Amino acid sequence: MPGRLLPEPGPARTLALAQLSNSIGDGAFLVTSALYFTQVVGLSPGQVGLGLSAGWAVGLLAGVPAGHAADRRDARRVAVLLAAVTALAVAAFLLVRQPAVFVLVAALYGSGQTGLAAVRQALLARLVEPARRTEVRARLQSVVNAGLGLGAALGGLALWAHTAGAYRSVLVVDAAAFLVAALLLWRLPARRPTAARPGAGGGRLAVLRDRPYALLTALNAVMMLYLPLLSLVLPLWVARRTAAPSWLAAALLVVNTAAVMLAQVRVARRVVDPAGAVRSLRRAGVTMVVACGLFALSAATTAPWAAAAILLAGAGAQVYAEMAHGAGAWQLSFDLAPADRHGLYQGFFGSGVPLARMLGPVLLTWLIVDGGSVGWLAFAGLYAAAAVGIGLVVRGAGRPAPADASRAPALRAG
């Protein structure tokens, strides 16, 4: 792991090392789980898909209560508990034999993963000064990509061996990685919960009454639909709609992972306030339109080398859009949240990830793989509209009322 990817020594580096550990486990799990569940456990592909969708659906509901618990208790303890729960869920996959049990374990897994993501964001908000949060979050994202790459390489060894023992060993490694993450999170300094602002009632439902933040979360969930592009949509597009070799889909994933690992921090450094976040999201919208146009164009040529070149150019534009979107969204998710409710608000904001993972594969497969080039243009328009909409939401939020003085001092997008 190149030292320059990690934050400087302190709580931020501990957070990064914990995330590195569990992302290595995630990477190994992601590349082997489908074959393990279908060829070792004996589930059908439909049962696996349904079970994982149900798991992420439960996870969608877990982020808000987990974040709320982090606000009202020691967030470090909550994070350690959730990392341990995730490790238990991964280990429980070793015992799965029936579809119903698989759904239950997947629900535990999805809840642990989503809750842990929310609490990590709350920890970051508490332990890192506001001016550095987006840069540190970008470093965490770079570390995640590095960990996923290392984990995928480990998973590749299991794929090469192609034995039940090899696949089970991946689950053991993944469970151990989450336990290591739990131990690292325990090293973070304990912090008492931030005192709630006078009159700040509403419990877990308070975030739903914050209309600007609720709209921000909804529009960001639309922009998060890019998640299935590289793992599902582009491989199918390359194989069914273009003359490019099917292995190019793996190259596009490598381009994405390497670019985020090397450039995410640089892109995020430009974003230090809400106005900069809005500009970054607009750049993401424009660049995604370019990327989708190139992907659509890749189907128009019968020359394999030309199709490959167009797809690689599209992947470059797409990954820049992904990085610009991440930087802008992270900044706004912190700046528009009350200081005493970062866990609750980050849990709600993070619900866009499991939502996109649930709905994205079905929606984008129908829209793009079945719909063709017109589908790419429709997705580009949807993505760009969401980016513009977030700017309007932030502009309309204006400045926080005196009762919300714990928020960032200015929320106006210039």
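Residues numbered from 1 in each chain as written. Predicted model: local features only at pLDDT ≥ 70, side-chain atom pairs only at ≥ 80, totals over all residues. Heavy atoms only, no water.

Turning to the chain, the UniProt annotation filed under Subcellular location (unreviewed entry) states: "Cell membrane". (UniProt positions renumbered as here; feature names shortened; annotations may be inferred.)

Right, let's talk about the overall build of the chain for a bit. When helices and strands are counted, the chain shows 15 helices and zero strands. Its C-alpha atoms give the chain a radius of gyration of 21 Å, near enough to 22 Å, the size a compact globule of 414 residues would have. The principal-axis extents of the C-alpha atoms in the chain amount to approximately 60 × 45 × 40 Å. Across the 414 residues of the chain, 54% fall into the buried class. Look at the contacts in the chain between residues 6 or more apart in sequence, and 83% of them connect residues 24 or more apart. Total accessible area on the chain is roughly 16,900 Å²; 68% of this is exposed by carbon and sulfur atoms. Charged side chains of the chain number 35 positive and 14 negative; the gap between the two group centres comes to 1 Å. (Helix = DSSP H or I, 4+ residues; strand = E, 2+ residues; numbered from the N terminus. Rg over C-alpha atoms; globule rule 2.2 N^0.38 Å. Buried < 20%, exposed > 50% of the residue type's maximum accessible area, 1.4 Å probe, protein only. Contact = heavy atoms within 4.5 Å. Areas by Shrake-Rupley, 256 points an atom, 1.4 Å probe, with all protein chains shown as cover. Lys, Arg positive; Asp, Glu negative; His and termini not counted. Charge placed at Lys NZ, Arg CZ, Asp CG, Glu CD.)

When pLDDT is low, close inspection of the predicted coordinates is not appropriate. For the chain, per-residue confidence averages 86 on the pLDDT scale, and 91% of positions sit at 70 or higher. For the chain, per-element mean pLDDT is lowest for helix 7 (residues 206-209), which scores 80, and highest for helix 11 (residues 274-297), which scores 96. Of the regions scoring below 50 in pLDDT, residues 399-414 engages in 34 contacts with residues more than four places distant in sequence or in other chains. (pLDDT = per-residue confidence, 0-100.)

A word on the pattern of salt bridges. Taken as a whole and assessed by the stated rule, the structure comprises six salt bridges. Here Arg 77 makes a salt bridge to Asp 74, at a shortest N to O gap of 3.8 Å. Taking the relative accessible area as the measure of exposure, Asp 74 reaches 14% and is therefore buried. The residue Glu 135 makes a salt bridge to Arg 139 at a minimum N-O spacing of 3.5 Å. A residue pair is termed a helical-turn pair when its members lie 3 or 4 positions apart in one helix, as Glu 135 and Arg 139 do in helix 5 (residues 133-161) at four residues. Residue Arg 139 is classed as buried on the basis of its relative accessible area of 11%. Salt bridges sharing common partners tie together Asp 74, Arg 76 and Arg 77. (Salt bridge = Lys/Arg side-chain N within 4 Å of Asp/Glu carboxyl O.)

Within this numbering scheme, the UniProt entry marks residues 48-66, 78-95, 101-119, 140-160, 166-186, 213-238, 244-268 and 374-394 as carrying the feature "transmembrane region" (unreviewed entry). What you have in residues 78-95 is 83% helix and 0% strand, and the ends, taken at the C-alpha atoms, are 26 Å apart. Along residues 140-160 the backbone is 100% helical and 0% strand, and the end-to-end C-alpha distance reaches 30 Å.

On to the packing of aromatic side chains. Across all of its chains, the model carries 14 aromatic pairs by this definition. Ring geometry for Trp 56 against Tyr 109: centres 6.4 Å apart, planes inclined by 70°, an arrangement best described as edge-to-face. A residue pair is termed long-range when its members are at least 10 positions apart, and Trp 56 in helix 2 (residues 45-72) and Tyr 109 in helix 4 (residues 99-127) qualify at 53 residues. On the basis of an interplanar angle of 55° and a centroid distance of 6.1 Å, the ring pair of Phe 379 and Tyr 383 is categorised as tilted. Here Tyr 383 and Phe 379 lie together in helix 15 (residues 373-397), a separation of four residues that amounts to about one turn. Accessibility assignment for this pair places Phe 379 and Tyr 383 in one class, buried. Over the face of the ring belonging to Trp 186 we find Arg 76, whose NZ or CZ atom lies 4.1 Å from the ring centre. The residue whose ring lies beneath Arg 133 is Phe 334, and the NZ or CZ to ring-centre distance is 5.8 Å. (Phe/Tyr/Trp six-rings, centres within 6.5 Å; stacked < 30°, edge-to-face > 60°. Lys NZ or Arg CZ within 6 Å of the ring centre and 35° of its normal.)

Let us now look at unusual backbone geometry. Notably, His 162 is not glycine yet its phi reads approximately 55°, a positive angle. Examined against the element boundaries, His 162 turns out to sit in the loop between helix 5 and helix 6 (164-186). Given the relative accessible area of 43%, His 162 is considered partly exposed.

Another point: a nonpolar patch on the surface. Residues Leu 30, Val 31 and Leu 159 make up a contiguous nonpolar surface patch of about 240 Å² in total accessible area. Relative to the elements of secondary structure, Val 31 occurs in helix 1 (residues 11-41). (Patch = residues over 30% accessible without salt bridge, like charges linked within 9 Å, V, L, I, M, F, W, Y side chains within 5 Å.)

A separate point is helix 9 (residues 227-241). Between the first and last C-alpha of helix 9 there are 20 Å, a value that for 15 residues agrees with the 21 Å anticipated at 1.5 Å per step. Where helix 9 bends most, at Val 233, the angle is about 45°, and the proline Pro 235 comes one to four residues later. All of the buried residues along helix 9 are Pro 228, Leu 229, Leu 230, Val 233, Leu 234, Trp 237 and Val 238. (Expected span 1.5 Å × (residues − 1). Bend = angle between axes of the 7 residues up to and from the residue.)

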